[in-house]
Amino acid sequence: PSPRAIAVVKESAKPLCLLIPNGLETSLHHPNESVTEYDIKHLARRLNIEEGGAWQPSECVSQHQVAIIIPFRNRTVQLWIFLSYMHPFLQKQMLNYRIFVIEQMKGAFNRAKLFNVGYAEALKIFPYHCFIFHDVDLIPQKLSNMYACTRQPRHMSSSVNTFRYNLPYKELFGGAVAILQKQFELVNGFSNIFYGWGGEDDDFHSRVINRGMTLCRFPPDVARYTMLAHSKELPSENRFMNLKSGRDRFATDGVNTLQYTIMKVVYYPLYTWILVDL
Ligand code: NGS
């Protein structure tokens, strides 16, 4: 258990929840792909979700304090599908969690920098010890795929339907990853300079390896995901160049040099929304 969980147990007289709850082998329903705004509003009340999309078990103290960071732009329908599927999923895993949606206001999409912003802003709200950096289009198919941190950083989405459930290359560290807060700090987070599609996840992989960590992956049968359909992005032209010079910037480009302007923060029923100008 995290030091935080132990402290809370002492204060509250509640027992610790199991590290991995029983009954996670049950099969899951397919995500509902026709979620409406109405469904979203009612879900929050039915599932007792706190404003801002946070929840924790009432009968025990969760051993996992997890911030789930979703970079976002223009994919509202996918976000609804994701949220309505994920909240019940995360609750069954007995996590203490909050979903953050970090939306970029303008300019070319910078997935990695949005993750850094999510990290910094989440820590202002709660001392999360585990971070999950997650694309909005990925839907986990197995409840046994715990949304928690392993000792080594974990590539969670290693078995995706669009890759016929195969890992395309062994360094792939994109889609959904889980990493301890102290490890994220140690690697200086993501690079801030990858605008447009591609490469930022490969750079993050190098940062993790460079600091002597190894990747954890669950068996393909557990790490199974469905990707929601969308058109393919045009890859950025700078990605290989930025990747090649990446090592020189590990210490000087990351959470320690992060600059951004928060435009709006709203605690919506199912998520904390942060609109940011990068
Ligand atoms: C690599 C990209 C990664 C990307 C991966 C999978 O080529 O950022 O493909 O992409 N690296 C570079 O472009 C340098 S996917 O097939 O999921 O669209 O994550």
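Refer to the structure above for everything that follows.
This structure is a prediction, so every number in the text was calculated from the model and none was measured.

*Asks:* Just checking my understanding: could you explain a nonpolar patch on the surface for this structure?
*Replies:* Residues I125, I262, V265 and Y267 make up a contiguous nonpolar surface patch of about 300 Å² in total accessible area. Broken down by element, the residue count for the nonpolar patch peaks at 3 residues, all from strand β10 (residues 261-267).

*Asks:* I keep staring at the nonpolar core and nothing clicks. Help me out?
*Replies:* As a rule of thumb, soluble globular proteins bury nonpolar side chains together. In terms of nonpolar packing, the biggest core is built from 45 residues, with I68, L90, I99 and Y147 touching the most fellow members. Going through the elements one at a time, α2 (37-46), β2 (65-72), α3 (76-92), β3 (96-104), β4 (130-134), β5 (138-140), β8 (176-180) and β11 (272-277) are the ones with two or more residues in this core. Not counting chain neighbours up to four residues away, the residues in contact with Y147 comprise V66, I68, M86, F89, L90, Q93, L95, I132, H134, P140, M156 and Y225. Listed in part, the 27 residues of the second largest apolar core include V117, I179, F204 and M213.

*Asks:* Is there a simple way to think about the site of the ligand in this case?
*Replies:* Around the ligand sit F163, Y169, L172, W197, G198, G199, D201, D202, K232, R239, F240 and L243, and those are all the residues in its vicinity. A distance of 2.6 Å is found between an oxygen atom of the ligand and a side-chain nitrogen or oxygen belonging to R239. Considered on its own, the ligand offers 460 Å² of accessible surface; in the complex 75% of this is hidden by protein. Sorting elements by how many residues they give to the shell around the ligand places helix α7 (residues 239-244) first, with 3 residues. Considered class by class, the residues forming the shell around the ligand number 6 nonpolar, 2 polar and 4 charged.

*Asks:* When you look at the sheet that holds β5 in this model, what are you seeing that I'm missing?
*Replies:* Hydrogen bonds between backbone groups are what pair the strands of a sheet, and the pairing can be parallel or antiparallel. Reading across the sheet, the 3 strands line up as β5-β9-β7 and stay open at both edges, with mixed pairing between neighbours. The two strands at the open ends of the sheet, each matched to only one other strand, are β5 and β7 (159-160). Two elements, β7 and strand β9 (residues 224-227), share 2 bridges in a ladder whose sense is parallel. Bridge assignment links V160 to a residue of β9, and that residue is Y225.

*Asks:* Hey, could you run me through the side chain of S191 in this one?
*Replies:* Note on placement: S191 falls in the loop between α5 (181-186) and α6 (200-210). Of the residues examined, S191 reaches a relative accessible area of 2% and is grouped as buried. Polar contacts involving the side chain of S191 include one to the side chain of R249, which spans 3.4 Å. A polar side-chain atom of S191 sits 2.6 Å from a polar atom in the side chain of D253. Excluding residues within four positions of it along the chain, S191 makes contact with A112, K113, N116, D203, R207, R249 and D253.

*Asks:* Please explain helix α4 (residues 111-125) as it appears in this structure.
*Replies:* A turn of α-helix holds 3.6 residues, and therefore any two residues three or four places apart point the same way. Spanning 15 residues, α4 covers 21 Å between terminal C-alpha atoms, matching the ideal 21 Å at 1.5 Å per step. For α4, the set of buried residues is R111, A112, K113, L114, F115, N116, V117, G118, Y119, E121 and A122.

*Asks:* Is there a simple way to explain the pairing of β9 in this structure?
*Replies:* Walk down a regular strand and you will see the side chains alternate between the two sheet faces. Where β5 meets β9, 3 bridges bridge the pair, whose relative direction is antiparallel. The residue of β9 that forms the bridge with I139 is T226.

*Asks:* Before we go on, may I ask you to explain unusual backbone geometry in this structure?
*Replies:* One can expect most non-glycine residues to show negative phi and most peptide bonds to be in trans. In the Ramachandran plot, N48 falls in the positive-phi region, its phi being about 60° despite a non-glycine side chain. By secondary structure assignment, the location of N48 is in the loop between α2 and β1 (54-55). Assessed through its relative accessible area of 62%, N48 is described here as exposed. Within the chain, N188 stands out as a residue other than glycine whose phi angle is a positive 65°. Of note, N188 is situated in the loop between α5 and α6. Here N188 falls in the buried class, since its relative accessible area comes to 8%.

*Asks:* Sorry if this is basic, but what is going on with the state of the cysteines here?
*Replies:* The term disulfide refers to a covalent linkage connecting the sulfur atoms of a pair of cysteines. Applying the stated criterion to the full structure yields 2 disulfides. Linked covalently through their sulfurs, C17 and C60 form a disulfide whose S-S length is 2.0 Å. Taking the sign of the S-S torsion, about 95° here, the bridge from C17 to C60 comes out right-handed. You can see C17 sitting in the loop between α1 (3-12) and α2 and its partner C60 sitting in the loop between β1 and β2, a full 43 residues away along the chain. Side by side, C17 and C60 carry an identical accessibility label, which is buried. Put simply, C130 and C149 are joined by a disulfide, and their sulfur atoms are 2.2 Å apart.

*Asks:* What's the story with the layout of surface pockets in this structure? I'm lost.
*Replies:* Gaps left between atoms show up when a probe the size of a water molecule is rolled over them. Quantified by volume, the largest pocket comes out at close to 1,100 Å³. As for the largest pocket, its lining consists of 39 residues, and the residues nearest its centre are D135, D137, W197, H230 and E233. Of all elements in the fold, only β2, α6 and α7 reach the threshold of two or more residues within the lining of the largest pocket. Class assignment of the residues belonging to the lining of the largest pocket gives a composition of 17 nonpolar, 11 polar and 11 charged.

Cut-off values and rules
- Residues numbered from 1 in each chain as written.
- Predicted model: local features only at pLDDT ≥ 70, side-chain atom pairs only at ≥ 80, totals over all residues.
- Heavy atoms only, no water.
- Patch = residues over 30% accessible without salt bridge, like charges linked within 9 Å, V, L, I, M, F, W, Y side chains within 5 Å.
- Areas by Shrake-Rupley, 256 points an atom, 1.4 Å probe, with all protein chains shown as cover.
- Salt bridge = Lys/Arg side-chain N within 4 Å of Asp/Glu carboxyl O.
- Helix = DSSP H or I, 4+ residues; strand = E, 2+ residues; numbered from the N terminus.
- Core = buried A, V, L, I, M, F, W, Y, C linked by side-chain atoms within 4.5 Å.
- Buried < 20%, exposed > 50% of the residue type's maximum accessible area, 1.4 Å probe, protein only.
- Contact = heavy atoms within 4.5 Å.
- Near = heavy atom within 4 Å.
- Polar contact = N/O pair within 3.5 Å; in protein donor to acceptor, adjacent residues only side chain to side chain.
- Nonpolar A, V, L, I, M, F, W, Y, C, P; charged D, E, K, R; others polar.
- Pairing = 2+ DSSP bridges.
- Expected span 1.5 Å × (residues − 1).
- Disulfide = S-S within 2.5 Å.
- 1 Å grid on protein atoms, 1.4 Å probe; cavity = no way out; pocket = protein on both sides within 12 Å on 5 of 7 lines; lining within 4 Å.
- Points joined across faces, edges and corners; volume = space filled by probe spheres on them.

All quantities given are derived from atomic positions and should not be read as evidence of function.
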